[in-house]
Amino acid sequence: MVKMAKAVLLDLSGTVHVGDHLIPGAKVGIQMLKSHGIPIKYVTNTSKESKSCLRNRLCNAGLEVHENELFTSLTAARNYVESLKLRPLLMLEDEAMKDFEGIQTEDPNSVVVGLSPSNFHYKRLNEAFNLLKNRASLIAINKSRYIKTDDGLSIGTGAFVSTLEFASDKKAHVIGKPSKDFFHLALKELDPKLQPHEALMVGDDVRDDVLGAQQAGLIGALVKTGKYLLGDENKYGEPNYVFENLEEMAQFVLGQEKK
């Protein structure tokens, strides 16, 4: 058990907000941490909208967020594509395409998959499949099993990535959580001197947010909000901490700071 977290990484969807509404306790908890000088980074697998759209959504919901506080799997995916000079077929919603402006997409040699209901139909999936069978690489912005929406639980990106993996006999390179690199890059962007064991990662997805963070050397905390289902904390591994919401998490962090 840790004495104190020097920084906090927060998942967004299901932890801070669901759709256009903040989760009870989220704003208060975040304000508590910020008022005591605890650095915060929002780390999200959200791949359905750009960073600017996401920021506007949070601000409209009543939470003041600056773009430099956001670390998204879309941003990390773009950086990966640019580093390898790939030309991707982008399976993304229009709202997410902004984060890939300027990327060459003609004669694609890779397939990038985000949460894109408008692309998840036979014709488009078959187009991606044929590229993969012709040596294109497969890049998953995340591999989430399911997400929490205003209407309840919905299938995540992972189901469609797995479809392409199965059909093409090709393994996807996963960019977002639970990738160790994703957590470490988020920490580096927050503070290059910060060590993984000094940061607390908080989320509602016990596997991707919490256990993934713990495997990357961070402290993991599960919140019982969003996609959380009763007993999640006992199903797949043991989170370092379990909290009802972000307000309870913040109270704990600040209480540890005083010890």
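It should be emphasised that the depicted structure is a prediction, and the values quoted were computed from it without experimental measurement. In this numbering scheme, every chain counts its residues from 1 along its sequence in written order. Given that this is a predicted model, residues contribute local features only at a pLDDT of at least 70 and side-chain atom pairs are listed and counted only at 80 or more, while totals for whole chains, interfaces and linings are drawn from all residues. The side-chain numbers reported here are obtained from all heavy atoms of the structure, hydrogens and water having been left aside.

Novice: I'd like a rundown of the state of the cysteines, residues and numbers included.
Specialist: Pairs of cysteine sulfur atoms within 2.5 Å are identified as disulfides in what follows. Applying the stated criterion across every chain yields a total of zero disulfides. Considering cysteine sulfurs only, Cys-59 is the nearest to Cys-53, which forms no disulfide, with 12 Å between them. Looking at Cys-53, the relative accessible area reads 29%, which means it is partly exposed. Relative accessibility decides the category of a residue: with a 1.4 Å probe and only protein chains considered, values under 20% of the type maximum give buried, values over 50% give exposed, and everything between is partly exposed. The class of Cys-59 is partly exposed, set by a relative accessible area of 28%.

Novice: Account for the sheet that holds strand S5 (residues 70–72), naming residues and giving values.
Specialist: Across the sheet, which stays open at both edges, the six strands sit in the order S5-S4-S1-S12-S13-S14 with parallel pairing between neighbours. On the outer flanks of this sheet lie S5 and strand S14 (241–243), each paired with one strand and no other. Averaged over all pairs of adjacent strands, the angle between their axes in this sheet comes to 25°, without regard to strand direction. As judged from the four bridges shared by strand S1 (residues 7–10) and strand S12 (residues 199–203), these two strands associate in the parallel manner. Residue pairing for S12: Val-8 is matched across the bridge by Leu-200. Residues count as neighbours in contact if any of their non-hydrogen atoms are within 4.5 Å of one another. All axes here are fitted lines through C-alpha atoms, helices being fitted over the stretch that makes contact, and every angle between N-to-C directions spans 0 to 180 degrees. Strands here mean DSSP runs of E at least two residues long; helices mean DSSP runs of H or I at least four residues long; both are numbered from the N terminus. Sheet strands touched by helix H1 (residues 26–35): S1 and strand S4 (40–44). Its angle to S4, the strand with the most contacts, is close to 140°. The pairing criterion for strands is at least two bridges between them, as found by DSSP.

Novice: Explain helix H5 (residues 122–133) residue by residue, including any values.
Specialist: How far a helix is expected to stretch is found by multiplying one less than its residue total by 1.5 Å. Taking 1.5 Å per residue, 12 residues should reach 16 Å; H5 reaches 16 Å between its end C-alpha atoms and fits that length. If you follow the buried residues of H5, they end up packed against strand S6 (88–91), strand S7 (110–113), strand S8 (137–140) and helix H6 (157–168).

Novice: Please provide a residue-by-residue account of the pattern of salt bridges, values included.
Specialist: Salt bridge criterion: a side-chain nitrogen from Lys or Arg within 4 Å of a carboxyl oxygen from Asp or Glu. Taken as a whole, this structure holds 15 salt bridges when the rule is applied. Its salt-bridge partner being Arg-78, residue Glu-82 comes within 3.3 Å of it at the nearest N-O pair. Of this pair, Glu-82 and Arg-78 both sit in helix H3 (residues 73–83), four residues apart, which is roughly one turn of that helix. Residue classification places Arg-78 among the buried residues on the basis of a relative accessible area of 19%. The salt bridge partner of Lys-224 is Glu-244, with a shortest N-O separation of 3.6 Å. In this pair, Lys-224 is assigned in the loop between strand S13 (219–223) and helix H9 (232–235) and Glu-244 in the loop between S14 and helix H10 (246–258), connecting sequence segments 20 residues apart.

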